[in-house]
Amino acid sequence: MQMQRLLLSTYFLFSPERRTANMAASGGRTVGSFLWKCGNCCFNFNTVSSNLTRQVLSRQLCVSAVLHRKNLAAAGPEKFSEEFIKKQVEEFNIGKRHLANMMGEDPETFTQGDINRSIAYLFPSGLFDKKAKPLMKHPDEDTFTKALAVEKHQDRLRGKDLFTQDAKQISLVGSRWLLKEELEELLVETISEHDYARFIQLMERLLSLPYCSVEEDFVQRYRRQLEIQSSKQQVQPLQYDQHGVAYSTGDGRRKTATGTVLLRDSGSGSISINGTNYVHYFPVLQDREQLMFPLHFMGVLGRFDMQCSVSGGGHSSQAGALRLAISRAMLSFLSEGQVETMRQAGLLTPDPRIKERKKPGQEGARRKFTWKKR
Amino acid sequence: MLLLAGPCFIFVAKPTEQHLGQYYTVPPSHFHTVFPHGLPPRYQQQVKTFNEGCVMVRQPALELISHLKRADYSKPTLRYLLYGVKGSGKTMSLCHTVHYCSTQGWLVLHIPDAHLWVKNCKELLPSSYHASRFDQPIQASNWLRNFRTTNEHFLSKIKLRQRYVWTKRESTEEGRPLGELVDMGVSRVKSSSDVVGAVLKELRLQAGGTEGGFRLAVAVDGVNGLWGRTTLKKEDKSPVAPEELTLVHNLRKMINNDWCGGAVIATLSQTGSLYAPSSAYLPQELLGEEGFDSMDPFVPVPVSLYSEKEFESCYLYYLDRHWLQHPHSQTEEGKKELIFLSNRNPSVLERLCAFL
């Protein structure tokens, strides 16, 4: 509302030019309220004849508009209640009388057609779109019909006890939207990326509206279930050697290093890698800590004996490969819950990072050549 | 002598087998005299930090000491060789034995690291005594100075049996005390290597003698450096063989068992050795053929990593000295982690605890 008032006031200011682009944005709604307001302030204007020049009007009007603009900004948004609608209707009627006064016609017999003609005369618009031109219509006709209809509908539902505020939400946990390829397969036509993005946007919008659970079937058609991760782990059964000691093997890879581990139960915590002691094979503390992590996490530090063999990569990647191998070998000694904790700790995830390819025109994968200004 | 059960530390002058795994303190006065140059650098730092020197009594040192007690000193010298993986405590055992010998009143000839003589030498002079050999003045004078600090009381007692001529004008007469020779070597740096040779020869001749009657202990650390290759080069860029160095030559003569009245205690060391793979620790690998033949026959003394009891004792010592500050290291779990990460290797454990 205040935006329209502001823009109308600016139109008044620029009225000698008769051509502004500002009016296009506002889409003229009720002028009545605006005129009524300014009529209230400068009440002298009523008594004075309608042949006042526009310059006088503009001088008076711009002051009042500014003052009122500030006031209205402080108040909150207006709600569509009965009082509000009544007020708007009153304002319209008063505005109609003012307009009739201005045009020098009889306020009692001022029809809607007369209103339209006078508005077109007072606010000439160079715009082509009919809806963009300033208009003055009775409130009942346009403005509040939709909102009132919605409220009537909701009242009817409340009467029938169908209006429940706590709408059921569609559970989206454990499922994902269809991928672009899957959607293409479903619709048997190619889709561009923009279209796919728009589709996802619209589906999300649908989910954000209330009562979306009514269309649950429709939405679920475009979602796929995610698989539970922990059930993917293949836990091999324990093997027993000739002395009855349980043992298991595991292998792991990290960044071109591969390692295999033979875990033996009821040992003393001795580890041999490629035949040598692990203190000599991994002089760096960090690598030994990597080996220690799975055992320490499950609290079985001194229980197992390990025979490892590793090849490829550098010392860090060999340590990482052995760590993964140890975790995998330990799975057969542990219970389900412990397997899940290990998975969540990230011990069972193979590290996918590898060396990035060097690109032509650059010195390395990311490093560019030295930039010379000339 | 106190006898306390369990791994705790006591201050004993003469540790015996009952004190295996326990610590004994070296009195501070001994430190400067007995060990001016012998201790491992990290241990020296630890001594400075803790304001005391505590040595753990371990099996290899006790074995050596028992051998020394029972040996017959009229027969040619026995040679003992300490060997083990890197960081298992060979040098510390050697120092323990050296301390024992000095408390018993022996004359100790302690060469801290034979590798220092075969590498990183800035000055290499051609020897005046022998044309094809090379002198190392700096190393020789350093060693003589330390030798003087260690064996002050012997220097005046031992008399020279031969006349030594250094230059046209200088010579040392027969019957002069050894101290004078040593002083001359320290002051005249140019001829210090020859002085070293002379000192060694004198000691060798006089060690088993009935008059005077002192026992000589030759303690060499890193003995495998004497028979390998050197990194030193002559002026025409050809490599120098160890035999061409005066110091090495004389030391080799010392290690030969053609004299009596003492013992030779040696350790192998891979840490400072040249051209040896890091996984080598056995005598054959580190000494090489030539070295093994000249050392043969010897008494091998293996030095192993900490046993459970010894580890326990070391851990409690660090706890008592408040060296392990981290609260987690004082729990059982922390101890298990320490065992795992160090695999009970003494030097690795020490480095690990240094930042805890």
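Please refer to the structure higher up on the page.
Figured I'd write up the structure that's included with this text. Fair warning: this is a prediction, and the values are worked out from it, not measured in the lab.

Summing up its helical and strand segments, chain A has 15 helices and eight strands in all. Looking at chain A residue by residue over its 374 residues, the buried ones come to 32%. Accessible area for chain A stands at about 24500 Å²; split by element, carbon and sulfur atoms hold 54% of it.

Once that is clear, we can look at the overall build of chain B. Looking only at helices and strands, one finds 14 helices and eleven strands in chain B. Taking all 356 residues of chain B together, 52% fall into the buried category. Here the contacts in chain B between residues at least 6 apart in sequence split such that 71% fall between residues at least 24 apart. Accessible area of chain B: about 16700 Å², with a carbon and sulfur share of 53%.

Attention now goes to the pattern of salt bridges. Oppositely charged side chains can pair when the atoms bearing their charge come close. The final tally for this structure, using the stated rule, is 21 salt bridges over all chains. Between Glu-350 of chain B and Arg-42 of chain B there is a salt bridge, with the nearest N and O atoms lying 2.8 Å from each other. Of this pair, Glu-350 of chain B sits in helix α14 (residues 346-354) while Arg-42 of chain B sits in helix α2 (residues 41-50), and the two are 308 residues apart along the sequence. Each of Arg-254, Asp-351 and Arg-353 of chain A takes part in salt bridges that share partners, so that together they form one network.

Residue and element names in this part refer to chain B. Tracing the backbone through its elements, the reader meets Leu-20 in the segment before β1 (23-26). A relative accessible area of 25% means that Leu-20 is categorised as partly exposed. Taking the C-alpha atoms as reference, Leu-20 lies 5.7 Å from Arg-58; in sequence the two are 38 residues apart. Sequence-distant contacts of Leu-20, defined by excluding residues within four places in its chain, comprise Val-57, Arg-58, Gln-59, Leu-62 and Lys-309.

Okay, the interface of chain B and chain A next. Taken together, the contact pairs 14 residues of chain B with 13 residues of chain A. For the pair chain B and chain A, the two sides together bury roughly 1200 Å², of which 67% comes from carbon and sulfur. Summed over the three residues of chain B that lose the most area to chain A, namely Phe-340, Leu-341 and Asn-343 of chain B, the buried surface amounts to 55% of that side. At the boundary of chain B with chain A, the tally comes to zero salt bridges. Inspection of the region where chain B meets chain A yields four residue pairs in polar contact (both at pLDDT 80 or more). The element that contributes the greatest number of residues to the side of chain B that touches chain A is helix α13 (residues 332-342) of chain B, accounting for seven residues. For the side of chain B that touches chain A, the class distribution of residues is seven nonpolar, three polar and four charged.

Let us now look at the nonpolar core. Membership of the largest hydrophobic core comes to 56 residues, with the highest contact counts inside it found for Phe-147, Leu-203, Leu-216 and Val-223 of chain B. Per-element accounting of this core gives the leading share, six residues, to helix α9 (residues 192-206) of chain B. Sequence-distant contacts of Leu-203 of chain B, that is, excluding residues within four places in its chain, are made with Leu-107, Leu-109, Phe-147, Ile-158, Leu-178, Phe-214 and Leu-216 of chain B. Core analysis: the next-biggest nonpolar cluster, separate from the first, contains 49 residues, Val-261 of chain A together with Tyr-315, Tyr-318 and Leu-352 of chain B among them.

For the rest of this paragraph, the subject is the environment of His-138 of chain A. All names here are of chain A. By the element assignment, His-138 lies in the loop between α7 (112-122) and α8 (145-159). Separated by 46 residues in the primary sequence, His-138 and Phe-92 place their C-alpha atoms 6.5 Å from one another. Setting aside residues no more than four positions away along its own chain, His-138 makes contact with Val-89, Phe-92 and Gln-112.

All names here are of chain B. Of note, Gln-136 is situated in the loop between β6 (134-135) and α6 (137-150). Its relative accessible area of 1% is what places Gln-136 among the buried residues. If we ignore the near neighbours within four places in the chain, the residues touching Gln-136 are Trp-117, Cys-121, Glu-123, Leu-124, Ser-193, Leu-232, Leu-245 and Leu-247.

Time to look at the pairing of β1 of chain B. Residue and element names in this part refer to chain B. Here β1 shows no split at all, with Tyr-23 and Thr-25 on one side and Tyr-24 and Val-26 on the other all buried. Pairing geometry for β1 and strand β2 (residues 53-56), over four bridges, is antiparallel. Bridge pairing in β2 places Val-26 opposite Gly-53.

Rules of the game
- Residues numbered from 1 in each chain as written.
- Chains lettered and ligands numbered in written order.
- Predicted model: local features only at pLDDT ≥ 70, side-chain atom pairs only at ≥ 80, totals over all residues.
- Heavy atoms only, no water.
- Helix = DSSP H or I, 4+ residues; strand = E, 2+ residues; numbered from the N terminus.
- Buried < 20%, exposed > 50% of the residue type's maximum accessible area, 1.4 Å probe, protein only.
- Areas by Shrake-Rupley, 256 points an atom, 1.4 Å probe, with all protein chains shown as cover.
- Contact = heavy atoms within 4.5 Å.
- Salt bridge = Lys/Arg side-chain N within 4 Å of Asp/Glu carboxyl O.
- Buried area = accessible area lost by both parts, 1.4 Å probe.
- Polar contact = N/O pair within 3.5 Å; in protein donor to acceptor, adjacent residues only side chain to side chain.
- Nonpolar A, V, L, I, M, F, W, Y, C, P; charged D, E, K, R; others polar.
- Core = buried A, V, L, I, M, F, W, Y, C linked by side-chain atoms within 4.5 Å.
- Pairing = 2+ DSSP bridges.

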